[in-house]
Amino acid sequence: QVQLVESGGGLVQAGGSLRLSCAASGRSFSSHAMGWFRQAPGKEREFVSAINWSGGNTDYADSVKGRFTISRDNANNRVYLQMNSLKPEDTAGYYCAARSRGFFLYKGWDEYDYWGQGTQVTVSS
(Lines give C-alpha, C1' and ligand atoms only; values in the text may rest on other atoms or scores of the structure.)
Protein backbone atom coordinates (compact mmCIF):
# COMPACT_ATOMS: atom_id res chain seq x y z
CA GLN A 1 0.00 0.00 0.00
CA VAL A 2 1.27 3.47 -0.92
CA GLN A 3 -0.15 6.80 0.20
CA LEU A 4 0.53 9.86 -1.89
CA VAL A 5 0.27 13.51 -0.87
CA GLU A 6 0.80 16.33 -3.37
CA SER A 7 1.86 19.86 -2.54
CA GLY A 8 3.18 22.95 -4.26
CA GLY A 9 0.18 24.06 -6.27
CA GLY A 10 -1.05 27.62 -6.30
CA LEU A 11 -1.83 30.69 -8.35
CA VAL A 12 0.84 31.96 -10.73
CA GLN A 13 0.96 34.37 -13.64
CA ALA A 14 1.53 33.13 -17.16
CA GLY A 15 5.22 32.59 -17.76
CA GLY A 16 5.85 31.76 -14.14
CA SER A 17 7.01 28.55 -12.49
CA LEU A 18 5.84 26.13 -9.86
CA ARG A 19 7.34 22.98 -8.40
CA LEU A 20 4.95 20.24 -7.41
CA SER A 21 6.00 17.65 -4.88
CA CYS A 22 4.52 14.24 -4.17
CA ALA A 23 5.40 12.58 -0.87
CA ALA A 24 4.94 8.83 -0.75
CA SER A 25 4.60 6.66 2.30
CA GLY A 26 4.54 2.92 2.39
CA ARG A 27 6.85 0.19 1.31
CA SER A 28 9.07 -0.19 -1.73
CA PHE A 29 8.64 3.29 -3.18
CA SER A 30 11.79 2.82 -5.23
CA SER A 31 10.20 -0.06 -7.15
CA HIS A 32 7.20 2.03 -8.23
CA ALA A 33 6.85 3.92 -11.46
CA MET A 34 5.40 7.37 -10.89
CA GLY A 35 3.29 9.67 -12.97
CA TRP A 36 1.64 13.07 -12.98
CA PHE A 37 -1.78 13.62 -14.46
CA ARG A 38 -4.03 16.67 -14.58
CA GLN A 39 -7.71 17.34 -14.89
CA ALA A 40 -9.41 20.61 -15.72
CA PRO A 41 -13.11 21.23 -15.03
CA GLY A 42 -15.28 19.50 -17.60
CA LYS A 43 -12.35 17.64 -19.12
CA GLU A 44 -10.96 14.15 -18.81
CA ARG A 45 -7.90 13.36 -16.74
CA GLU A 46 -4.85 13.59 -18.98
CA PHE A 47 -1.29 12.33 -18.82
CA VAL A 48 1.37 14.91 -18.05
CA SER A 49 4.59 13.06 -17.27
CA ALA A 50 5.99 9.72 -16.10
CA ILE A 51 9.19 8.40 -14.60
CA ASN A 52 10.32 4.83 -14.13
CA TRP A 53 11.48 3.26 -10.87
CA SER A 54 15.09 4.37 -11.15
CA GLY A 55 14.49 7.80 -12.62
CA GLY A 56 16.52 6.86 -15.65
CA ASN A 57 13.62 7.14 -18.07
CA THR A 58 11.02 9.88 -18.37
CA ASP A 59 8.20 10.79 -20.72
CA TYR A 60 6.05 13.86 -21.27
CA ALA A 61 2.88 14.90 -22.98
CA ASP A 62 3.57 16.94 -26.09
CA SER A 63 1.80 19.91 -24.52
CA VAL A 64 4.35 20.18 -21.70
CA LYS A 65 7.50 18.87 -23.35
CA GLY A 66 10.37 21.32 -22.93
CA ARG A 67 8.59 23.19 -20.12
CA PHE A 68 8.04 20.55 -17.43
CA THR A 69 10.60 18.25 -15.80
CA ILE A 70 9.84 15.20 -13.71
CA SER A 71 12.33 13.83 -11.19
CA ARG A 72 12.39 11.57 -8.17
CA ASP A 73 14.32 11.16 -4.93
CA ASN A 74 14.06 7.53 -3.87
CA ALA A 75 16.00 8.14 -0.66
CA ASN A 76 13.26 10.50 0.51
CA ASN A 77 10.27 8.90 -1.21
CA ARG A 78 9.43 11.94 -3.31
CA VAL A 79 8.68 12.74 -6.90
CA TYR A 80 8.69 16.27 -8.30
CA LEU A 81 7.26 18.11 -11.27
CA GLN A 82 9.07 21.34 -12.12
CA MET A 83 6.78 23.46 -14.27
CA ASN A 84 8.24 26.43 -16.13
CA SER A 85 6.79 28.86 -18.67
CA LEU A 86 3.31 28.12 -17.40
CA LYS A 87 0.34 28.91 -19.60
CA PRO A 88 -3.33 29.48 -18.71
CA GLU A 89 -4.15 26.16 -20.37
CA ASP A 90 -2.02 24.43 -17.73
CA THR A 91 -4.68 25.33 -15.16
CA ALA A 92 -5.96 22.09 -13.63
CA GLY A 93 -5.88 19.82 -10.62
CA TYR A 94 -2.60 17.90 -10.71
CA TYR A 95 -2.47 14.34 -9.42
CA CYS A 96 0.42 12.11 -8.49
CA ALA A 97 0.11 8.38 -9.22
CA ALA A 98 2.15 5.27 -8.43
CA ARG A 99 2.37 1.87 -10.07
CA SER A 100 3.83 -1.22 -8.43
CA ARG A 101 6.73 -2.94 -10.18
CA GLY A 102 7.27 0.09 -12.34
CA PHE A 103 10.10 -0.93 -14.63
CA PHE A 104 8.76 0.99 -17.61
CA LEU A 105 6.91 4.22 -18.34
CA TYR A 106 3.12 4.29 -18.12
CA LYS A 107 0.89 6.91 -19.75
CA GLY A 108 -2.60 5.54 -19.09
CA TRP A 109 -4.40 6.54 -15.92
CA ASP A 110 -5.71 2.99 -15.57
CA GLU A 111 -2.17 1.63 -15.40
CA TYR A 112 -1.59 3.14 -11.97
CA ASP A 113 -2.45 1.56 -8.63
CA TYR A 114 -2.40 4.51 -6.23
CA TRP A 115 -3.44 8.16 -6.44
CA GLY A 116 -3.04 11.29 -4.39
CA GLN A 117 -5.79 13.79 -3.64
CA GLY A 118 -4.42 16.38 -6.02
CA THR A 119 -3.15 19.94 -5.85
CA GLN A 120 -4.65 22.86 -7.77
CA VAL A 121 -2.59 24.87 -10.23
CA THR A 122 -4.10 28.07 -11.57
CA VAL A 123 -2.30 30.14 -14.19
CA SER A 124 -3.62 33.63 -14.81
CA SER A 125 -3.19 35.41 -18.11
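Throughout what follows, the structure given in this document is the object of discussion. (Residues numbered from 1 in each chain as written. Predicted model: local features only at pLDDT ≥ 70, side-chain atom pairs only at ≥ 80, totals over all residues. Heavy atoms only, no water.)

Concerning the sheet that holds strand E7 (residues 68–73)
- Reading across the sheet, the four strands line up as E1-E3-E8-E7 and stay open at both edges, with antiparallel pairing between neighbours. This sheet does not close on itself; its edge strands, each paired only once, are strand E1 (2–7) and E7. Each strand of the sheet is rotated relative to its neighbour by a mean of 15 degrees, with strand direction disregarded.
- Bridge analysis of E7 against strand E8 (residues 78–83) gives six bridges, and the strand direction is antiparallel. What sits directly across from phenylalanine 68, in E8, is methionine 83. (Pairing = 2+ DSSP bridges. Helix = DSSP H or I, 4+ residues; strand = E, 2+ residues; numbered from the N terminus. Axes fitted to C-alpha atoms, helices over the stretch in contact; angles between N-to-C directions.)

Structural notes on the pattern of salt bridges
- The full count for this structure, using the stated rule, is five salt bridges.
- The partner of arginine 38 in a salt bridge is aspartate 90, and the shortest N-O contact between them spans 2.9 Å. On the criterion of sequence distance, the pair formed by arginine 38 in strand E4 (residues 33–39) and aspartate 90 in the loop between E8 and strand E9 (92–99) is long-range, its members being 52 residues apart.
- You can call arginine 38 buried: its relative accessible area is 5%.
- The exposure class assigned to aspartate 90 is buried, which follows from its relative accessible area of 0%.
- The salt bridge partner of aspartate 90 is arginine 67, with a shortest N-O separation of 2.7 Å. A residue pair is termed long-range when its members are at least 10 positions apart, and aspartate 90 in the loop between E8 and E9 and arginine 67 in the loop between strand E6 (58–60) and E7 qualify at 23 residues. No difference in accessibility class separates aspartate 90 from arginine 67, as the two residues are buried.
- Put simply, Arg38, Glu46, Arg67 and Asp90 are held in one network by salt bridges that share partners. (Salt bridge = Lys/Arg side-chain N within 4 Å of Asp/Glu carboxyl O. Buried < 20%, exposed > 50% of the residue type's maximum accessible area, 1.4 Å probe, protein only.)

Points about the pairing of E1
- Side chains Val2, Leu4 and Glu6 of E1 all project onto a buried face; the interleaved residues Gln3, Val5 and Ser7 project onto a face where none is buried.
- Bridge analysis of E1 against strand E3 (residues 18–26) gives six bridges, and the strand direction is antiparallel. Note on E3: the bridge partner recorded for glutamine 3 is serine 25.

Here we look at the state of the cysteines
- Considering all chains together, one arrives at one disulfide under this definition.
- Between the sulfur atoms of cysteine 22 and its disulfide mate cysteine 96 the distance is 2.1 Å. Judged by the sign of its S-S torsion, about -80 degrees, the bond between cysteine 22 and cysteine 96 is left-handed. One end of the pair, cysteine 22, is in strand E3; the other, cysteine 96, is in strand E9, with 74 residues separating them in the sequence. Residues cysteine 22 and cysteine 96 agree in their burial class; the two are buried. (Disulfide = S-S within 2.5 Å.)

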